[in-house]
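So you can see what is in the structure, the chains are spelled out below.
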2 protein chains.
Amino acid sequence: MGAPYGFELVENCVICKLRSDSFFCSLPKATLEAFDRIKYTASYPAGAVLFVEGQSPRGIYMLCKGRVKLSTTSAEGKTLILKIAQPGEVLGMHATVSGTPYEITAETGQPCQLNFVKREDFLNFLQKHGDACLKAAQHLSKDCQTAYQQIRSLGLSHSAPERLARLLLEWTAASPDQREPKVKLALTHEEIAQIIGTSRETVTRVLADFRKRQIAVLKGSTLTIRNKPILEKLVGA
Amino acid sequence: MGAPYGFELVENCVICKLRSDSFFCSLPKATLEAFDRIKYTASYPAGAVLFVEGQSPRGIYMLCKGRVKLSTTSAEGKTLILKIAQPGEVLGMHATVSGTPYEITAETGQPCQLNFVKREDFLNFLQKHGDACLKAAQHLSKDCQTAYQQIRSLGLSHSAPERLARLLLEWTAASPDQREPKVKLALTHEEIAQIIGTSRETVTRVLADFRKRQIAVLKGSTLTIRNKPILEKLVGA
DNA sequence: AACGTGTGGTGACCAACGTCACAGGGAGGG
DNA sequence: CCCTCCCTGTGACGTTGGTCACCACACGTT
């Protein structure tokens, strides 16, 4: 197998080094071998659409490498980004497990390696391997939680600055406790707007305001938090 | 065991007649017996709080009878209703499975019968019984889906009438295809507002408008849809 | 160099809706 | 019976932020 998108494909799950503890496929050896037998490894370029909301579920995509944008679109063409999936996540599990159509759209944001598993195979796999099933349940729980978090953000905050502040804090939450945390992210104002459910112009304006007030500066793809306490005050915490 | 809240407690899951196919506890006999051994049956009055967001998870509550309001509250006291849980649902499963604090608050809206299962017992139960674990995963999937639906409603619709229309359609979706569907619900305008993330006054005004335009009439606790096509047009479908 | 395209930055305008304030009505309790 | 809540209904007002229109800049292509 070559390297079509600039990286080597890892074909064998059992010896895969991409995996870390938080990965769905962080499983005991026997279970992992069973998973390895039913999956199809593939790589995709940036901008590839894995599935579209409304399609009936073909199966799950295990994200090994890269980022995938999960979104949903209204009839008028307005789109809302639900999350940017990180390596280790399983995409399309809700639809696959419950048998209802995919309710979201998944699109790669950069070259990705993914393992696809057919719905039938995946369900059999879960049935036979209790440990994997429990892991799947944990995975789904986490998805629910981030969904609830977004509902809170959308439903409970009145102003756009508040939602943006919440998002910035979320991003820095992962990074350790520095005085001026920096975060790398490759998102346009447009995409940020789609995450917090507002318009592109508003994001630009609020970011300009944050810059002026020395709260946070977004330069290129680097975000620097200058004054975390004020951000925290903005979200009403 | 008496009847403290106007109904008999069903203590034995195996012979329970409340259960229908959609219930989480619609399980094979052997599994059901195992569930029966670890659960504690209890009944609660209206307004009882089962758990509060932020608490560490004690376990799950299987809702046998009654309605439970699931909500989340902001620091300023504004609350958002995530859903009204129906009999057959399991409450607090996300937190219990993932081990993170309850992210929502559960409060009975009427006298309820519930089965409580301790976290440890429940996890053991899932581990031992693959069929139950799969069922749990399905349950979580459905929760995710309704969460995503609410995110769509909150993030993708610009106007309050649109969100309210969407909610009304959701309620009638369950009832069969009548020309003028009627739905029973015991919700105040305030609560409706908390579901669609708007203010009480706006709900009153929009409902008044719907009444005037002969689209939908809410009288007492009975909602009658007069003109479904217009509602559907309002949501932009 | 000229051109297209995607992104960021800004001003002006206006509808939607949150908020405040208050009034009427129904239910339950003393 | 009156009193007190809670719910519903409605008017007035002010702010937020969505929308439109336009410009500047960067980058890649022809």
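About the cut-offs
- Residues numbered from 1 in each chain as written.
- Chains lettered and ligands numbered in written order.
- Predicted model: local features only at pLDDT ≥ 70, side-chain atom pairs only at ≥ 80, totals over all residues.
- Heavy atoms only, no water.
- Contact = heavy atoms within 4.5 Å.
- Salt bridge = Lys/Arg side-chain N within 4 Å of Asp/Glu carboxyl O.
- Polar contact = N/O pair within 3.5 Å; in protein donor to acceptor, adjacent residues only side chain to side chain.
- Helix = DSSP H or I, 4+ residues; strand = E, 2+ residues; numbered from the N terminus.
- Nonpolar A, V, L, I, M, F, W, Y, C, P; charged D, E, K, R; others polar.
- Pairing = 2+ DSSP bridges.
- Axes fitted to C-alpha atoms, helices over the stretch in contact; angles between N-to-C directions.
- Domains from an automatic or database assignment.
- Buried area = accessible area lost by both parts, 1.4 Å probe.
- Near = heavy atom within 4 Å.

## What to know about the interface of chain B and chain A
Now for step 1: Contacts between the two partners involve 40 residues from chain B, matched on the other side by 40 residues from chain A.
Now for step 2: Across the chain B-chain A interface, the total number found is two salt bridges.
Now for step 3: Linking A:Arg152 and B:Glu53 is a salt bridge whose minimum nitrogen-to-oxygen distance equals 3.0 Å.
Now for step 4: Where chain B packs against chain A, one counts 12 residue pairs in polar contact (both at pLDDT 80 or more).
Now for step 5: When residues of the side of chain B that touches chain A are assigned to their parent elements, the largest contribution, 17 residues, is made by helix α4 (residues 130–156) of chain B.
Now for step 6: Taken together, the residues of the side of chain B that touches chain A break down into 19 nonpolar, 15 polar and six charged.

## Brief notes about the sheet that holds strand β10 (residues 216–219) of chain A
Residues and elements named next belong to chain A.
Now for step 1: Read from one edge to the other, the open sheet built from three strands follows the order β9-β11-β10, with strand pairing classed as antiparallel. A strand with exactly one partner marks an edge of an open sheet, and here the two such strands are β9 (182–184) and β10. Strand-to-strand twist across the sheet, computed as the mean angle between neighbouring axes with direction ignored, equals 15°.
Now for step 2: Pairing of β10 with strand β11 (residues 222–225) involves four bridges; the strand directions are antiparallel. Bridge assignment links Val217 to a residue of β11, and that residue is Thr224.
Now for step 3: Those strands touched by helix α5 (residues 160–174) are β9, β10 and β11, and its axis lies near 95° from that of β11.

## With respect to the sheet that holds strand β2 (residues 49–51) of chain B
Now for step 1: Taking strand neighbours across the sheet as the criterion, the four strands line up as β2-β7-β4-β5 (chain B) in an open arrangement whose pairing is antiparallel. Where the open sheet ends on each side, the last strands, each with one partner, are β2 and β5 (79–85) of chain B. On average, adjacent strands in this sheet sit at an angle of 30° to one another, irrespective of strand direction.
Now for step 2: Pairing analysis gives six bridges linking strand β4 (residues 68–73) of chain B to β5(B), with the strands arranged antiparallel. Opposite B:Lys69, over in β5(B), you have B:Ile84 as the bridge partner.
Now for step 3: Against the sheet, helix α4 (residues 130–156) of chain A makes contact with β4 and β5 of chain B, and its axis sits at roughly 130° relative to β5(B), the strand it touches most.

## Examining the domain arrangement of chain A
Residues and elements named next belong to chain A.
Now for step 1: If you check the domain split of chain A, you get domain 1 (23–156) and domain 2 (160–235).
Now for step 2: Computed over C-alpha atoms only, the centres of domain 1 and domain 2 are separated by 27 Å.
Now for step 3: Facing the 11 residues of domain 1 at the interface are 10 residues of domain 2.
Now for step 4: Looking only at domain 1, the three residues that lose the most surface to domain 2 are Ile81, Ser153 and Leu154, adding up to 46% of its buried area.
Now for step 5: Our enumeration of links across domain 1 and domain 2 arrives at one salt bridge.
Now for step 6: Put simply, Glu191 and Lys69 hold a salt bridge, and the shortest N to O gap is 3.5 Å.

## Quick word on the protein's contact with DNA strand D
Now for step 1: With respect to spatial proximity, 17 residues lie near DNA strand D, and among them A:Ser159, A:Ala160, A:Thr198, B:His189 and B:Arg200 are the closest.
Now for step 2: Within 4 Å of the protein, atoms of DNA strand D come from sugar and phosphate in 47% of cases.
Now for step 3: Within the backbone of A:His158, a nitrogen or oxygen atom sits 3.3 Å from a phosphate oxygen of DNA strand D.
Now for step 4: One of the side-chain N or O atoms of A:Ser199 is found 3.0 Å from a phosphate oxygen in DNA strand D.
Now for step 5: Only α5 and α7 (200–212) of chain A together with α7 (200–212) of chain B provide two or more residues apiece to the surface near DNA strand D.
Now for step 6: The element best represented in the surface near DNA strand D is α7(B), accounting for six residues.
Now for step 7: Residues of the surface near DNA strand D, tallied by class, amount to three nonpolar, eight polar and six charged.

## Some remarks on the protein's contact with DNA strand C
Now for step 1: Residues in contact with DNA strand C amount to 17 residues; listed here are only the nearest, A:Arg200, B:Ser159, B:Ala160, B:Thr198 and B:Arg205.
Now for step 2: A share of 53% of the atoms of DNA strand C within 4 Å of the protein falls on sugar and phosphate groups.
Now for step 3: Within the side chain of A:Arg200, one N or O atom sits 2.9 Å away from a base nitrogen of DNA strand C.
Now for step 4: Separating a phosphate oxygen of DNA strand C from a side-chain N or O atom of B:Ser199 is a distance of 3.0 Å.
Now for step 5: At the level of secondary structure, the elements contributing two or more residues to the surface near DNA strand C comprise α7 of chain A together with α5 (160–174) and α7 of chain B.

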